Amino acid sequence: MAIRLIRKEPDEVLRKTSREVTAFDDRLAQLLDDMYDTMYDAGGVGLAAVQVGILKRAVVVDTREEGERYELVNPKLVYKKGEREVTEGCLSVPGVSGYVKRPEKVIVRAQDRTGETFEVEATGLLAQAFCHEIEHLDGGLFIDKVTEYIDD
Ligand SMILES: [Zn+2]
């Protein structure tokens, strides 16, 4: 377990497309464990592997609500419904927050660290976090879709 360096905008790695995970091995488990440590240390609710410079399709999310802790390997958004405006920020874009539109409800299909496929339905902050993290895997940042920035 270790805290890894979080890459910050404009680090170009954040704009790269992450690769599918095919090896569900000790290195993947170590990466996910380190991602949890790094996310908790930074006080975030989600982290994608690309944010620690690893171009693998893996994310961790913990909204701090009971039971809302997930690791998603090769996640895909398979359903979304509704739209709501939310405030958002990102550990890779420190000190910046703004309004973005996110679905009210999503279903994500993913694998766990052993390669087992599962689906999870989410609303609210959990749905928001899933969308935000999955976008990281294709080089997206929330600032690409901000409708209005919020002054601190
Ligand atoms: Zn982010």
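Here the structure is shown first, and the text comes after it.
Before going into details, it helps to say that this report is about the structure given with it.

Calculation notes
Residues numbered from 1 in each chain as written. Predicted model: local features only at pLDDT ≥ 70, side-chain atom pairs only at ≥ 80, totals over all residues. Heavy atoms only, no water. Helix = DSSP H or I, 4+ residues; strand = E, 2+ residues; numbered from the N terminus. Polar contact = N/O pair within 3.5 Å; in protein donor to acceptor, adjacent residues only side chain to side chain. Contact = heavy atoms within 4.5 Å. Expected span 1.5 Å × (residues − 1). Buried < 20%, exposed > 50% of the residue type's maximum accessible area, 1.4 Å probe, protein only. 1 Å grid on protein atoms, 1.4 Å probe; cavity = no way out; pocket = protein on both sides within 12 Å on 5 of 7 lines; lining within 4 Å. Points joined across faces, edges and corners; volume = space filled by probe spheres on them. Nonpolar A, V, L, I, M, F, W, Y, C, P; charged D, E, K, R; others polar.

### Remarks on the side chain of H136
And then number 1: Examined against the element boundaries, H136 turns out to sit in helix α2 (residues 124–136).
And then number 2: Within the local environment of H136, its side chain forms a polar contact with the side chain of H132, the two groups lying 3.2 Å apart.
And then number 3: Once you skip the residues sitting within four places of it in the chain, H136 turns out to touch L14, K16, A48, V50, Q51, C90 and L141.

### Some words on helix α1 (residues 26–42)
And then number 1: Taking 1.5 Å per residue as the helical rise, α1 with its 17 residues ought to reach 24 Å, and the 24 Å between its terminal C-alpha atoms agrees with that figure.
And then number 2: Of all the residues in α1, the buried ones are L28, A29, L31, L32, D34, M35, Y36, D37, T38 and M39.
And then number 3: Packing partners of the buried residues in α1 comprise β1 (46–48), β2 (58–62) and β3 (69–81).

### Thoughts on the layout of surface pockets
With a probe scaled to a water molecule rolled over the atoms, the places where space remains empty come into view.
And then number 1: Space inside the largest pocket adds up to approximately 230 Å³.
And then number 2: V45, G46, G89, C90 and H132 are, among the 16 residues lining the largest pocket, the residues nearest its centre.
And then number 3: Of all the secondary structure elements, the ones that give two or more residues to the lining of the largest pocket are β4 (84–88) and α2.
And then number 4: The element best represented in the lining of the largest pocket is α2, accounting for six residues.
And then number 5: Partitioning the lining of the largest pocket into residue classes produces five nonpolar, nine polar and two charged.

### A look at α2
And then number 1: Here α2 spans 19 Å end to end across 13 residues, near enough to the 18 Å set by a 1.5 Å rise per residue.
And then number 2: Of all 13 residues that make up α2, ten are buried, and the element is covered over most of its length.
And then number 3: Considered for burial, the residues of α2 that qualify are L126, A127, Q128, A129, F130, C131, H132, E133, I134 and H136.

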